[in-house]
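Chain residues, written in single-letter form:
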Amino acid sequence: MRDINLAKKVFEEIYKDYDGYQLSSTDKANLGITSSDFVYGEISFDGFINLLSKVNPNQEDIFYDLGSGLGKPCLAISLVYKIKKAIGFELLPSLLKASQEVASKAKNYFSDLNEIEFRKEDYLKADFSDGTIIFAHITCLPDEEVKILEKKFLKLNKGARIIVITKRLENSQDLKIIDEGEVRMNWGIATYRIYQRI
Ligand SMILES: C[S@@+](CC[C@H](N)C(=O)[O-])C[C@H]1O[C@@H](n2cnc3c(N)ncnc32)[C@H](O)[C@@H]1O
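Let me sum up the structure you'll find in this document. (Residues numbered from 1 in each chain as written. Predicted model: local features only at pLDDT ≥ 70, side-chain atom pairs only at ≥ 80, totals over all residues.)

Focus: the overall build of the chain
- When helices and strands are counted, the chain shows 6 helices and 7 strands.
- Counting helices and strands in the order they occur from the N terminus, the chain gives α-α-α-β-α-β-α-β-β-α-β-β-β.
- A compact globule built from 198 residues would reach a C-alpha radius of gyration of about 16 Å, and the chain, at 16 Å, matches this within 12%.
- Each of the three principal axes of the chain carries a C-alpha extent, and together these read 45 × 40 × 30 Å.
- Looking at the 198 residues of the chain, the share that counts as buried comes to 38%.
- By sequence separation, contacts in the chain at least 24 residues apart represent 72% of the contacts at least 6 residues apart. (Helix = DSSP H or I, 4+ residues; strand = E, 2+ residues; numbered from the N terminus. Rg over C-alpha atoms; globule rule 2.2 N^0.38 Å. Buried ≥ 20, exposed ≤ 12 C-beta atoms within 10 Å, placed from the backbone. Contact = placed C-beta atoms within 7 Å.)

Written out as structure tokens, the structure reads:
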């Protein structure tokens, strides 16, 4: 694990010229997107690192961010923890491009940074079944789409941890809730729930 203060400094430095909210609105206006799935919101570095401390990321972990925006969760986990790989799915082109730029800037700070990849893919259709830590910042996702994700979470390997913002999944034999509480995002305080594939 790297020094958190140093990681936070690098995080703030590499993001200082990017405004994800602006990029998201421009993309949505250009593409005529109005649905609630695309409501934008970002993590705060401190809140997210606090959440990650509850799932103990390690070198075997493959992290997926479902709807990666400017890429902050993938960058934050990679700057602080040593994991195998971080992958984000994002459909909006300017956000995707900006996240890819930021990931390449981060390599100038830490040459041993794990692989970080941002893909133009729909997370409702993408294969993330090899993921061991999944982050779903899905505050505004319609319930029928949460159900689609829930089915995909059941395909994860046993032991996988899923961090869900705002929404509640069905607590079952296969997907157990292990923690819940409140976390600061950069848009306010949100409820989080952490599930484990059993
Ligand atoms: C609430 S933001 C979260 C951004 C980032 N994960 C964070 O927490 O800082 C959700 C993102 O998901 C993207 N998105 C929405 N539906 C998507 C889909 N079906 N596939 C991929 N990305 C999607 C949106 O464009 C937006 O950037």
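Read on for the rest.
A short note on helix α3 (residues 45-52)
- Those residues of α3 not exposed but buried are Phe45, Phe48, Leu51 and Leu52. Seen end-on, α3 carries its buried residues on one side only, within an arc spanning 130°.
- Its buried side turned inward, α3 meets α1 (4-15), α4 (72-80), β5 (161-165), β6 (175-185) and β7 (188-197). (Arc of directions from axis to C-beta.)

Quick look at the nonpolar core
- Among the nonpolar cores identified, the biggest contains 54 residues, and Phe11, Leu75, Ala76, Ile77, Ile134 and Ala136 are the most heavily contacted of them.
- Leaving out residues up to four positions away in the same chain, Leu75 has contacts with Phe11, Val102, Ala103, Ala106 and Ile116. (Core = buried A, V, L, I, M, F, W, Y, C linked by C-beta atoms within 7 Å.)

Points about α4
- Across the 9 residues that make up α4, a large majority, 9, are buried.
- Looking only at α4, the buried set comprises Lys72, Pro73, Cys74, Leu75, Ala76, Ile77, Ser78, Leu79 and Val80.

Overview of the pairing of β5
- Most of β5 sits out of view: 5 of its 5 residues are buried.
- On β5, burial covers both faces: Arg161, Ile163 and Ile165 on one face and Ile162 and Val164 on the other are all buried.
- Once the chain exits strand β4 (residues 133-137) it traverses helix α6 (residues 143-153) before rejoining the sheet at β5, and the crossover so formed is right-handed.
- Summarising the sheet, β5 and β7 pair through 5 bridges and their orientation is antiparallel. What sits directly across from Ile165, in β7, is Tyr192. (Right-handed = clockwise from strand over helix to strand, strands pointing away. Pairing = 2+ DSSP bridges.)

Re the packing of α1 against helix α5 (residues 93-106)
- Contact geometry for α1 and α5: axes closest at 10 Å, N-to-C directions at 135°. Taken together, α1 and α5 sit at an angle that is classed as oblique. Crossing angle aside, the handedness with which α1 passes α5 is right-handed. From α1, Val10, Ile14 and Tyr15 reach across to α5, where they touch Val102, Lys105 and Ala106.
- Of the residues in the contact of α1 with α5, the class split is 5 nonpolar, no polar and 1 charged. (Axes fitted to C-alpha atoms, helices over the stretch in contact; angles between N-to-C directions. Parallel < 35°, antiparallel > 145°, perpendicular 65-115°, else oblique. Left-handed = near helix turned anticlockwise from the far one by under 90°. Nonpolar A, V, L, I, M, F, W, Y, C, P; charged D, E, K, R; others polar.)

Side note on the environment of Ser24
- In this fold, Ser24 is placed in helix α2 (residues 20-31).
- Between the alpha carbons of Ser24 and Leu96 there is a distance of 9.9 Å; along the sequence they are 72 residues apart.
- Filtering out sequence-adjacent residues up to four positions away, Ser24 remains in contact with Tyr40, Leu92 and Leu95.

A look at the packing of α2 against α5
- Between α2 and α5, whose axes approach to 7 Å, the crossing angle comes to 145°. Contact with α2, carried on its side by Gly20, Leu23, Ser24, Thr26 and Asp27, involves Pro93, Ser94, Leu95 and Ala98 of α5 and no other residues of that element.
- For the contact of α2 with α5, the residue count by class is 4 nonpolar, 4 polar and 1 charged.

Thoughts on the pairing of strand β1 (residues 62-66)
- Along β1, 4 of the 5 residues are buried, which leaves the element largely enclosed by surrounding structure.
- Of the pairings in the sheet, the one linking β1 to strand β2 (residues 85-89) comprises 5 bridges and is parallel in character. The residue bridging Tyr64 from the neighbouring strand is Ile87, located in β2.
- The parallel pair β1 and β2, bridged by α4, forms a crossover whose chirality is right-handed.

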